[in-house]
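Spelled out, the chains give:
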Amino acid sequence: MSTQQSAPEPGPQSVKGPRINKGLVIVNTGNGKGKTTAAMGVLFRAWGRDMKVTMLQFIKHTTANFGEQRAAQKIGVTVRAMGDGFTWRSQDLEQSADLARALWEDAKEIIATGGYDVVILDEFTYPMHYGWIPVEDVVEVLRNRPDMLHVIITGRHAPEGLVEFADLVTEMNVVKHPYHSGIKAQPGIEF
Ligand code: ATP
Ligand code: MG
């Protein structure tokens, strides 16, 4: 029997010594599935601890009534969708930009004064990626947020400035996706 045990590899940013307690800026990005649902997993976990949680959805249509909106309503969590559908299908990108900027105005107030523990900005990378909302403004608001507030941002193409500022960045990679095998979106899994 071998007595050798390999310790877990420390991550590249591992530090020794006492660790601090602070709210995190979390970014779920990449082309694979799981960015929004991972954020919702945190929402569920934090809600279970009686933490105050909310999700603002930047691209999803105001009329969206997916599983997550239904669940949120049942458990009394505010999930607000304020987009006009997926942008690559949008007829009027100026309108999409205006909607995103309007929701960002609300988000800033919620972040600064909302008394939340976890705020999710779902698909918020797109308004930054398309240049509708300056990344510097976002980083500034995040920098000045309440100390213990966790903010989770999801979406592909996370801008560099945001990745640099964030505490936790995960990139989802596609290995297989049922869409490529002609399988349609399944309720409860996709929406
Ligand atoms: P989820 O909401 O399931 O966590 P996501 O937030 O990572 O997914 P988005 O980039 O927001 O995914 O994409 C929205 C939709 O596109 C999802 O229904 C997802 O399954 C689908 N999707 C994600 N990645 C791919 C892919 N590589 N090919 C085809 N469809 C995809
Ligand atoms: Mg998503």
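You'll find the structure just up there.
Scoring rules and cut-offs
Residues numbered from 1 in each chain as written. Chains lettered and ligands numbered in written order. Predicted model: local features only at pLDDT ≥ 70, side-chain atom pairs only at ≥ 80, totals over all residues. Heavy atoms only, no water. Near = heavy atom within 4 Å. Polar contact = N/O pair within 3.5 Å; in protein donor to acceptor, adjacent residues only side chain to side chain. Areas by Shrake-Rupley, 256 points an atom, 1.4 Å probe, with all protein chains shown as cover. Nonpolar A, V, L, I, M, F, W, Y, C, P; charged D, E, K, R; others polar. Core = buried A, V, L, I, M, F, W, Y, C linked by side-chain atoms within 4.5 Å. Buried < 20%, exposed > 50% of the residue type's maximum accessible area, 1.4 Å probe, protein only. Helix = DSSP H or I, 4+ residues; strand = E, 2+ residues; numbered from the N terminus. Contact = heavy atoms within 4.5 Å. Donors = N, O, S within 2.8 Å, 3.2 Å for Na, K, Ca; no water. Arc of directions from axis to C-beta. Phe/Tyr/Trp six-rings, centres within 6.5 Å; stacked < 30°, edge-to-face > 60°. Lys NZ or Arg CZ within 6 Å of the ring centre and 35° of its normal.

Q: Report on the site of ligand 1, specifying residues and quantitative values.
A: Contacts to ligand 1 come from 14 residues, most closely from Lys33, Gly34, Lys35, Thr37 and Glu190. Here a nitrogen atom of ligand 1 sits 3.2 Å away from a polar atom, N or O, in the main chain of Asn31. Within the backbone of Lys35, an N or O atom sits 2.8 Å from an oxygen atom of ligand 1. Burial of ligand 1 by the protein chains amounts to 83% of its free accessible area of 590 Å². Classifying every residue of the shell around ligand 1 by side-chain character gives two nonpolar, seven polar and five charged.

Q: I'd like a description of the nonpolar core, backed by residues and values.
A: With 30 residues, the main nonpolar core has Phe58, Trp104, Leu121, Phe124 and Ile153 as its most contacted residues. Elements represented by at least two residues in this core include exactly β1 (25-30), β2 (53-61), α3 (93-113), β4 (118-122), α5 (135-143) and β5 (150-154). It is α3 that contributes the most residues to this core, seven residues altogether. When sequence neighbours within four positions are dropped, the list of residues in contact with Leu121 reads Leu56, Phe58, Trp104, Ala107, Ile111, Val151, Ile152, Ile153 and Thr154. With 13 residues, the next largest nonpolar core counts Ala39, Val53, Val77 and Val79 among its residues.

Q: Tell me about the coordination of the magnesium ion (ligand 2), and please be specific about residues and values.
A: The coordination sphere of the magnesium ion (ligand 2), as far as protein atoms go, consists of Thr36 (OG1) and Glu123 (OE), spread over 2.1 Å. With a gap of 87 residues between them, Thr36 in helix α1 (residues 35-48) and Glu123 in the loop between β4 and α4 (125-129) connect regions that are remote in the sequence. Glu123 shares its class with Thr36; the two are buried.

Q: Outline α5, supporting the account with residue identities and numerical values.
A: Turning to α5, its buried residues number three or more, namely Val135, Val138, Val139, Val141 and Leu142. Viewed end-on, α5 has its buried residues packed into an arc of 160°, placing them on one side of the element. More than 90 degrees from the buried face of α5, the exposed residues found are Glu136 and Arg143.

Q: Can you explain the environment of His129? Please cite residues and give values.
A: Looking at where His129 falls in the secondary structure, it is placed in helix α4. Sequence spacing of His129 and His157 is 28 residues, and the spatial spacing of their C-alpha atoms is 6.6 Å.

Q: Lay out the packing of aromatic side chains in plain terms, naming residues and giving numbers.
A: Summed over all chains, the structure comprises five aromatic pairs. Geometrically, the ring pair formed by Phe58 and Phe124 is tilted, given 4.5 Å between the ring centres and 40° between the ring planes. Taken together, the residues Phe58 in strand β2 and Phe124 in the loop between β4 and α4 connect sequence positions 66 residues apart. The burial state of Phe58 is the same as that of Phe124; both residues are buried. In this structure, Lys52 is placed above the aromatic ring of Tyr116, and the distance from its NZ or CZ to the ring centre is 4.4 Å.

Q: Kindly report on unusual backbone geometry, identifying the contributing residues and their values.
A: The backbone phi angle of Glu123 is positive, close to 60°, even though this residue is not glycine. Positive phi, normally seen in glycine, also occurs at His157, with a value near 55°. Its location among the elements puts His157 in the loop between β5 and α6 (160-165). The class of His157 is partly exposed, set by a relative accessible area of 42%.

Just geometry here; none of it tells us what the structure is for.
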